[in-house]
Amino acid sequence: MRQGLAVALVTTALLGGSLMAPAPVAAQDMESLLQQIRESGREQQRINREREQRFLRQRNERRSLLEEARAERNAARARAERVREEFEDGQARINALKEKLNEASADLGRAYTAARSTAGDLRAAARTSPLTAQYPERLEKLSAIADNPQLPTLTQLEQLWFLLVEDMTATGQVARFEAPITTVLGNRRQAELMRVGAFSAFSEDGYVLLPEGGTVAQLLPSQPGGRFTSAAEDFFAAESGALLPALIDPSRGRLLEVEAEKPDVAERIAQGGLVGYTILGIGAVGLILAVLQLVYLSLVGGRVRRQLQATDQPRTDNPLGRVLGVVSQEHGRDDAELLELHLSEAVVKETPRLERFQSLLKLFVAVAPLMGLLGTVTGMILTFQSITLFGTGDPKLMAGGISQALVTTVLGLCVAIPLLFLNSLLGARSRALVQTLDEESALVLAQRLEGDSRA
């Protein structure tokens, strides 16, 4: 750049020199300028040489660095190749050792799996078994085998074998033992228990159950009645060696709980509510009236049969005697038509007594099912109210309304059906007696007409 500037100045000076006469002062300036240009050129050349030398030095240094990096890369590649070969060799050795280990421990692994599975199954059965109340440490031993992620020890395998033999032996035994029990109020006390195999257990207070996963037996909140309780009491009080029947629960208490939760007759009736009690009241009144009328008709029937054996001696203690008494001295001289009217009147007077309560019983027979239907509707209303308030998540909330609906229907039918049969029986008895009165009246009238025709 400086050289170009110098050439431009020299060219300008030469052109100017050809136009004007040179002056002494201008010539000196030009020489000094030329000198400066020369010096500047030499300086620029020196700087360029220094740059070239510095560039050459840096190029050599970078070339050496590049060679060193390439050497390191090649060395790293060689090391990586050696490491990869060593890894592959190690992995192959590991796989070979694993295969040998699997082959060597195949039988032991199957034994371990079988031991864990057997311990888990036995623990599930022991959670609700009465045998656990007698030997509460069983659950801890079984859990140590079933939940252990490692191989079971020889001691644990021996314990599992002993527990299996113990369970099989206890299934066929009846044993008495002392153990803590939990009462209905939650109090714990020591009591004598009797175990029937691995199925049922009971104390002097009733049947006991082992809660899921627990080791302390507890009394049933409500004991099953009837033959369940009596059999348990007799078996518990029996002497050792006595042979008595005993009820066992294969489900280990679940069937006993279901049996204990079944309501008795009084609880069933209470589920019917006010409508159920009303139906039972109607049934009781109808039954009393039907029994009274049936007894009355039985007594009257016996008297009528005795009166049939002596129609010439009418008595006033029976309807037939009173009807025959119409043919007395007062009406004996009446003509046949008038006598017929008197006899018909006497039969009509006796009929209401013989057919007493039948209309009321018919009403009860019709009302009882209707009351049951009323209870059904009321119970369904309660059920839908429970569904509206609590939803359908818990069926127990709807059980009250459904029970009332079903119980009242059953009560209505249970009242109506017997009353219907009793009413039919009373109707047959009364019709038979009325027919007897009609037949005897017709016979008396026929005898009277026969006597008048002879006269």
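Basis of the calculations
- Residues numbered from 1 in each chain as written.
- Predicted model: local features only at pLDDT ≥ 70, side-chain atom pairs only at ≥ 80, totals over all residues.
- Heavy atoms only, no water.
- Core = buried A, V, L, I, M, F, W, Y, C linked by side-chain atoms within 4.5 Å.
- Buried < 20%, exposed > 50% of the residue type's maximum accessible area, 1.4 Å probe, protein only.
- Helix = DSSP H or I, 4+ residues; strand = E, 2+ residues; numbered from the N terminus.
- Phe/Tyr/Trp six-rings, centres within 6.5 Å; stacked < 30°, edge-to-face > 60°.
- Lys NZ or Arg CZ within 6 Å of the ring centre and 35° of its normal.
- Pairing = 2+ DSSP bridges.
- Patch = residues over 30% accessible without salt bridge, like charges linked within 9 Å, V, L, I, M, F, W, Y side chains within 5 Å.
- Areas by Shrake-Rupley, 256 points an atom, 1.4 Å probe, with all protein chains shown as cover.
- Salt bridge = Lys/Arg side-chain N within 4 Å of Asp/Glu carboxyl O.
- Contact = heavy atoms within 4.5 Å.
- Arc of directions from axis to C-beta.
- pLDDT = per-residue confidence, 0-100.
- Lys, Arg positive; Asp, Glu negative; His and termini not counted.
- Charge placed at Lys NZ, Arg CZ, Asp CG, Glu CD.

Q: I'd like a rundown of the nonpolar core, residues and numbers included.
A: L343 and L354 are the most contacted members of the largest nonpolar core, which has 33 residues in total. Residue assignment for this core shows that the elements contributing at least two residues are α10 (273-308), α11 (319-324), α12 (336-354), α13 (358-390) and α14 (396-454). The leading source of residues in this core is α14, at 11 residues.

Q: Explain the environment of F202 residue by residue, including any values.
A: Relative to the helices and strands, F202 resides in strand β3 (residues 200-203). When its relative accessible area of 1% is taken as the criterion, F202 is described as buried.

Q: Help me get a handle on the packing of aromatic side chains, residues and values and all.
A: On inspection of all chains with the given rule, the structure shows zero aromatic pairs. In this structure, R356 packs its charged tip against the face of Y296, placed 4.7 Å from the ring centre.

Q: Tell me about the pairing of strand β2 (residues 188-196), and name the residues and values.
A: Where strand β1 (residues 174-182) and β2 come together, nine bridges link them in antiparallel fashion. Opposite I181, over in β2, you have R189 as the bridge partner. In terms of strand pairing, β2 meets β3 through three bridges, oriented antiparallel. Among the inter-strand pairings, R195 is bridged to a residue of β3, identified as A201. The loop that links β2 with its antiparallel partner β3 comprises three residues; one of these, G197, has a positive phi angle of about 60°.

Q: Hey, could you go over a nonpolar patch on the surface for me, with residue numbers and the actual values?
A: A surface patch of nonpolar side chains, about 480 Å² in accessible area, is lined by W161, F162, V165 and M168. Of note, M168 is situated in helix α6 (residues 154-171). For M168, a relative accessible area of 60% corresponds to the exposed category.

Q: Outline the side chain of R123, listing residues and values.
A: Positionally, R123 belongs in helix α3 (residues 106-126). Look past the residues within four positions of R123 in its chain and what remains in contact with it is L139, L142, S143, A146 and D147.

Q: So what's going on with helix α5 (residues 138-146)? Residues and values would help.
A: Within the sequence span of α5, burial applies to R138, L139, L142, I145 and A146. On an axial view of α5, the arc spanned by its buried residues comes to 130°, and they lie on one face.

Q: Describe the side chain of E350, naming the residues involved and giving the relevant values.
A: One can find E350 in helix α12. Residue class for E350 comes out buried when judged on its relative accessible area of 8%. Once residues within four sequence positions are removed from consideration, E350 is found in contact with P319, R322, V323 and L437.

Q: Please provide a residue-by-residue account of the pattern of salt bridges, values included.
A: A complete count under the given rule lists 11 salt bridges for this structure. One salt bridge in this structure joins D317 and R315, with 3.9 Å as the shortest N-O distance. Since its relative accessible area comes to 36%, D317 is described here as partly exposed. Ionic pairing is found between E345 and K349, a salt bridge with its closest N-O pair at 3.7 Å. Here E345 pairs with K349, and both are found in helix α12, just four residues apart, close to one helical turn. Sharing partners across several salt bridges, the network here consists of E43, R46 and E50.

Q: Got a sec to walk through the confidence of the model for the protein chain? Specific residues and values, please.
A: Fine structural detail should not be taken from predicted coordinates in areas where pLDDT scores are low. Of all residues in the protein chain, 79% have pLDDT values of 70 or greater, and the mean over the chain is 77. For the protein chain, per-element mean pLDDT is lowest for helix α1 (residues 2-19), which scores 41, and highest for α10, which scores 89. Counted against residues more than four places away or in other chains, residues 1-23, with its pLDDT under 50, gives eight contacts.

Q: Summarise a positive patch on the surface; cite the residues concerned and give the values.
A: Together, R303, R305, R306 and R429 give the surface a local cluster of positive charge. Among the elements that take part in the positive patch, α10 stands out by supplying three residues, more than any other. Position of R306 among the secondary structure elements: in helix α10.

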